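Chains, contacts and geometry: an overview
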Amino acid sequence: MSDASYYNPADLAKFGKISEWQPEMGRKFFDYYGEVFKEGALSEREKSLIALAVAHVVQCPYCIDAYTSDALQKGADEAQMMEAVHVGAAIKGGATLVHATMMMNKAKELSM
Amino acid sequence: MKSLHAQHHVLSDSAYQLTVLNPAEAAGAAFPSFASKLRETGLLPLRPTPLAVLQVNMGKMCNQVCKHCHVDAGPDRTEIMTRATMQECLDALAQTDIQVVDLTGGAPEMNPDFRWFVEQISAQGRQTIVRCNLTIIVANKKYHDLPQFFARHGVRVVSSLPHFAAARTDAQRGEGVFDRSMRALHMLNEVGYGIEGSGLNLDLVYNPSGAFLPGNQASLEREFKQRLGREHQVQFNNLLAITNLPVSRFLDYLLESNNYASYMDKLVQAYNPAAAENVMCRSTLSVGWDGQLYDCDFNQMLELLVAVPTSQHIRNFNQQALEARNIVVNQHCYGCTAGAGSSCGGATA
């Protein structure tokens, strides 16, 4: 058995090729993506750090690779990048825990 | 950390560096030649515009040993420009209308004739830029009055600071450099440098602290101003974003960290014809510590002399011949034409 992995870093560079099998949808997606990341009400840099945090929450290795480079390039340092990931962790963890209010409601319904 | 030169490192040899940048065809994936990109852009041969800046490298002696240094400067380097060569520079300058003399190194201030040279340039009514590494100001008592000296001569101070915090700065420039840089910046602010309305210009240079391209210059400037102002009470005028070129110690870093191929690929992919049109070698002439002439400081470190056999030393300075020359290019030039472009004055496109 080879030591191949499901993930190959070289595949990140092939992202655009997904348009080959559905050109119109691909084009619409990439146009939208480009528009989302332009400087707007939020700066490119703020968006890069948000993307980095979300990449960790959804656990996409391609996004983590791309947005680590992007954030460094936009002038973020280790402390800022890790802080952004903690924001993601806090929301993911918080999202888990806040549902416990439902648990508590239900438990109270059923319990003496 | 020792310079590559002191380590007898193979990359301290400019000829070897050029073979790394220009691998033989058979050696595998070579990048398209920079000259061919210029040809596609209609810029080959690359010709000068009127000479506007004389950039003088005052020597390789420096009090720091920065990881990305293309000069391979450090305390163990002894090559410095002599007063006689400085006089030759002044004689050449007097024959021209060049308004700006840009002093670089190493640490130009460590050259014993540095102050004399600045005084002579002022006496000729020209503007001096000094590429000051900041820590030199606090390195020794004899340098503490550099801010006042600079102010007296209306010097434009340009200083490197790769980040608004210590981690990235010290990783590139050495332990403790960020804190010493803040002290030096306070001393410069105290005599008016970087303060709005003072007329004393203090610019900061952002060089990426790794194998990545610089981000948007204006956006970095905003961030640096906010953070340095709020956290360190430091002010400055403009931020210049400069790309690291694959020469000397930065080339060594790229090879050691296995980032060479992907970094070169980034530079090549980001080739910007508008940046190519405005490269600084078109309007700046570089003088080596020994008086030899080059198209830029990077060509100087690769020992690629200007392609004007009769005017390769400042004592034989011939403005007409130099303004008619073909600029010598090589694969490292992709650094100056990537993205928003790069020069000693920051982004160019």
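Structure first, text after, so check above.
Okay, so let's go over this structure. Throughout, residues of each chain are indexed from 1 in the direction in which the sequence is written. Both sets of labels track the order of writing: A upward for chains, 1 upward for ligands. Confidence filtering applies because this is a predicted model: local features only for residues at pLDDT of at least 70, side-chain atom pairs given and counted only at 80 or more, and all residues used for totals across whole chains, interfaces and linings.

A few words now on the overall build of chain A. Put simply, DSSP H or I for four residues or longer makes a helix, DSSP E for two residues or longer makes a strand, and each gets a number counted from the N terminus. Each helix and strand in chain A was counted, giving 5 helices and 0 strands. Once the C-alpha set of chain A is aligned to its principal axes, its extents read approximately 60 × 40 × 35 Å. Expressed as a percentage of its 112 residues, the buried residues of chain A come to 13%. Put simply, 55% of the contacts in chain A that link residues at least 6 apart link residues at least 24 apart. Counting other C-beta atoms within 10 Å of a residue's own tells you its class, since 20 or more makes it buried, 12 or fewer makes it exposed, and anything in between is partly exposed; those C-beta atoms are placed from the backbone. Once C-beta atoms have been placed from the backbone, residue pairs whose C-beta atoms lie within 7 Å are recorded as contacts.

What follows concerns the environment of Asn330(B). All names here are of chain B. With respect to the helices and strands, the residue Asn330 is situated in the segment after helix H14 (319-323). Sequence spacing of Asn330 and Ala84 is 246 residues, and the spatial spacing of their C-alpha atoms is 32 Å. Discounting residues that sit within four places of it in the chain, Asn330 has contacts with Leu18, Leu21, Phe34, Leu302 and Leu304.

Bringing the sheet that holds strand E8 (residues 293-294) of chain B into the picture now. Residues and elements named next belong to chain B. Between any two strands, pairing holds if DSSP finds at least two bridges. The strand order across the open sheet formed by 8 strands is E6-E5-E4-E3-E2-E1-E7-E8, and the pairing between neighbours is mixed. Because the sheet does not close on itself, it has two edges, and the strands there are strand E6 (239-241) and E8. Inspection of the sheet shows strand E2 (residues 100-104) paired to strand E3 (residues 127-131) by 4 bridges, in the parallel sense. Bridging from a neighbouring strand, Val100 pairs with Gln127 of E3. Lines fitted to the C-alpha atoms define the axes, with helices restricted to the stretch that makes contact. Angles between their N-to-C directions range from 0 to 180 degrees. Across the sheet, helix H9 (residues 217-232) touches strand E5 (202-206) and E6, and the angle it forms with E6 is around 135 degrees.

On to the pairing of E3(B), then. All names here are of chain B. Judged by how many residues are buried, E3 sits mostly within the fold: 4 of 5 residues are covered. After leaving E2, the chain enters helix H4 (residues 114-123) and then returns to the sheet as E3, a path that is right-handed. Direction of pairing for E3 relative to strand E4 (residues 156-160): parallel, over a ladder of 3 bridges. Residue Arg131 lies in a different strand from E4, and its bridge partner there is Val158. The definition of a right-handed crossover adopted here requires that, viewed with the strands pointing away, the path from the first strand over the helix to the second runs clockwise.

Structurally, the α-helix is built with 3.6 residues per turn, so residues lying three or four positions apart point the same way. Residue and element names in this part refer to chain B. All of the buried residues in helix H7 (residues 166-173) are Arg168, Thr169, Gln172 and Arg173. Along the axis of H7, the buried positions cluster into a sector of 105 degrees, meaning they face one direction only. Following H7 by one or two positions, Gly174 has its phi on the positive side, about 115 degrees. Here the arc refers to the directions that run from the helix axis out to each C-beta atom.

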